[in-house]
Amino acid sequence: MLVDSSYTIVVPDVDILTRVCGTNDSNLKLIEKHLGVPVFTRGNELSVDNADPEVQQEFRFIIDRIIDELGDGEEGSEDMIASILNTDIHSISNDPLSITVPGGIRKVYPKTANHARYIRALRDYDMVFCTGAAGSGKTFLAVAEALRLVLSHKKSTIVLTRPVVEAGESLGFLPGDLEQKINPYLQPLYDAMGMIIHRETIHKMLEMGAIEIAPLAYMRGRTLHNSVIILDEAQNTTREQMKMFLTRMGENSKVFITGDVTQIDLPRRVPSGLVNAMKVLESIPEIAMITMEIGDVVRNPLVQKIVQAYENEQQDE
């Protein structure tokens, strides 16, 4: 007796089906590569010829999620498809993993499984450490979540800070006022914002005080309430600076700490505050710690190869 092993999903809207498939079936090719089986189209139907219930379940989940996103007005970008394909269907919650910023230019999707874990941590924890190589999305996703929280009125202020001069934070010799001195160091954070919201919105938020720039050295003695505080390049803090920063956290605030422990610029005998804090605080369950890997680098593919080459060199030494 022959058993039909195919599994078919009927898509009632032909326009939606076309967008699910993507230009020249580009989305279907990504789905096929992910599932390891071909996907067939016939009329308004999508099918896989595979009897494995796990494959069928994941196929149904992927198509349903894509249709849901398209129904919300999304265009079916590769970022969106990659985000869905990297979602663990066995750990689904009702809270979407994408980041939608009110008035934003784009919806932000996790491109890897670690990105998805990171977004979940940013949602669920009030303090999140994220370490990883350049281009792994650690700062971009923190900025996106911070903008979502402030522009949806869940928090009042984003406070951006970082060690300004790697070993000493000496601002006095730089020309201009405080904002002019600190702006070049915070440019990567502004760049991340500019990919998510309009530049005019950034300027308005700065003028209204909804975005505040604060050199790490100038934060001593403050308590920050109802804020999202982002410490970038945290590997270049000393232990004392990191302890001071972490204790600035006030009521109803979130703290996101990002850094790359392979790019510590402190003097040799000065321990990194980021490395120290992650050891000292690792047993506190209310603090999340996420580590990005080579596969999470989402800049030009050449960047991933460069990072890998340098890691290989360190292992050979």
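Residues numbered from 1 in each chain as written. Predicted model: local features only at pLDDT ≥ 70, side-chain atom pairs only at ≥ 80, totals over all residues. Heavy atoms only, no water.

Undergrad: Teacher, can you tell me more about the overall build of the protein chain here?
TA: If you tally the helices and strands in the protein chain, you get 11 helices and nine strands. Going through the 317 residues of the protein chain one by one, you find that 47% of them count as buried. A separation of at least 24 residues holds for 73% of the contacts in the protein chain among residues at least 6 apart in sequence. Counting every atom, the protein chain has about 16500 Å² of accessible surface; 50% of that belongs to carbon and sulfur. (Helix = DSSP H or I, 4+ residues; strand = E, 2+ residues; numbered from the N terminus. Buried < 20%, exposed > 50% of the residue type's maximum accessible area, 1.4 Å probe, protein only. Contact = heavy atoms within 4.5 Å. Areas by Shrake-Rupley, 256 points an atom, 1.4 Å probe, with all protein chains shown as cover.)

Undergrad: Hey, could you run me through the packing of helix α1 (residues 14–21) against helix α2 (residues 26–35) in this one?
TA: Packed helix pairs are specified by the crossing angle of their axes together with the interaxial distance, meaning the distance between the axes. Remark: α1 packs on α2, axes separated minimally by 5 Å, with the N-to-C direction vectors making an angle of 60 degrees. Here α2 runs oblique to α1, going by the angle between their axes. Counting all contacts with α1, which are made through Arg19, Val20 and Cys21, the residues of α2 involved are Ser26, Asn27 and Leu28. Classifying every residue of the contact of α1 with α2 by side-chain character gives three nonpolar, two polar and one charged. (Axes fitted to C-alpha atoms, helices over the stretch in contact; angles between N-to-C directions. Parallel < 35°, antiparallel > 145°, perpendicular 65-115°, else oblique. Nonpolar A, V, L, I, M, F, W, Y, C, P; charged D, E, K, R; others polar.)

Undergrad: How should I be thinking about helix α6 (residues 138–151) in this particular structure?
TA: Helical periodicity: at 3.6 residues per turn, an α-helix aligns residues three or four positions apart in one direction. Taking 1.5 Å per residue, 14 residues should reach 20 Å; α6 reaches 20 Å between its end C-alpha atoms and fits that length. Counted residue by residue, α6 has 13 buried out of 14 residues, so it is predominantly covered. Positive backbone phi, approximately 65 degrees, marks His153, located one or two places after α6. (Expected span 1.5 Å × (residues − 1).)

Undergrad: Where do I start with the pattern of salt bridges in this structure?
TA: As a working rule, side chains carrying opposite charge can pair if their charged atoms are close by. On inspection of all chains with the given rule, the structure shows six salt bridges. With its nearest N and O atoms 3.3 Å apart, the salt bridge here joins Asp64 to Arg60. One end of the pair, Asp64, and the other, Arg60, are both in helix α3 (residues 53–71), four residues apart, so they sit about a helical turn from each other. On the basis of relative accessibility, which here comes to 31%, the residue Asp64 falls in the partly exposed class. According to the relative accessible area criterion, Arg60 is partly exposed, its value standing at 30%. Among the salt bridges present, the one from Lys254 reaches Asp126, with a minimum N-O distance of 3.8 Å. Residue Lys254 is located in strand β8 (residues 254–259), and its partner Asp126 is located in the loop between α5 (113–124) and β4 (127–131); the two are separated by 128 residues in the primary sequence. According to the relative accessible area criterion, Asp126 is partly exposed, its value standing at 40%. Salt bridges here are not isolated pairs; linked through shared partners, they connect Arg123, Glu145 and Arg148. (Salt bridge = Lys/Arg side-chain N within 4 Å of Asp/Glu carboxyl O.)

Keep in mind that these numbers describe shape and distance, not what the molecule does.
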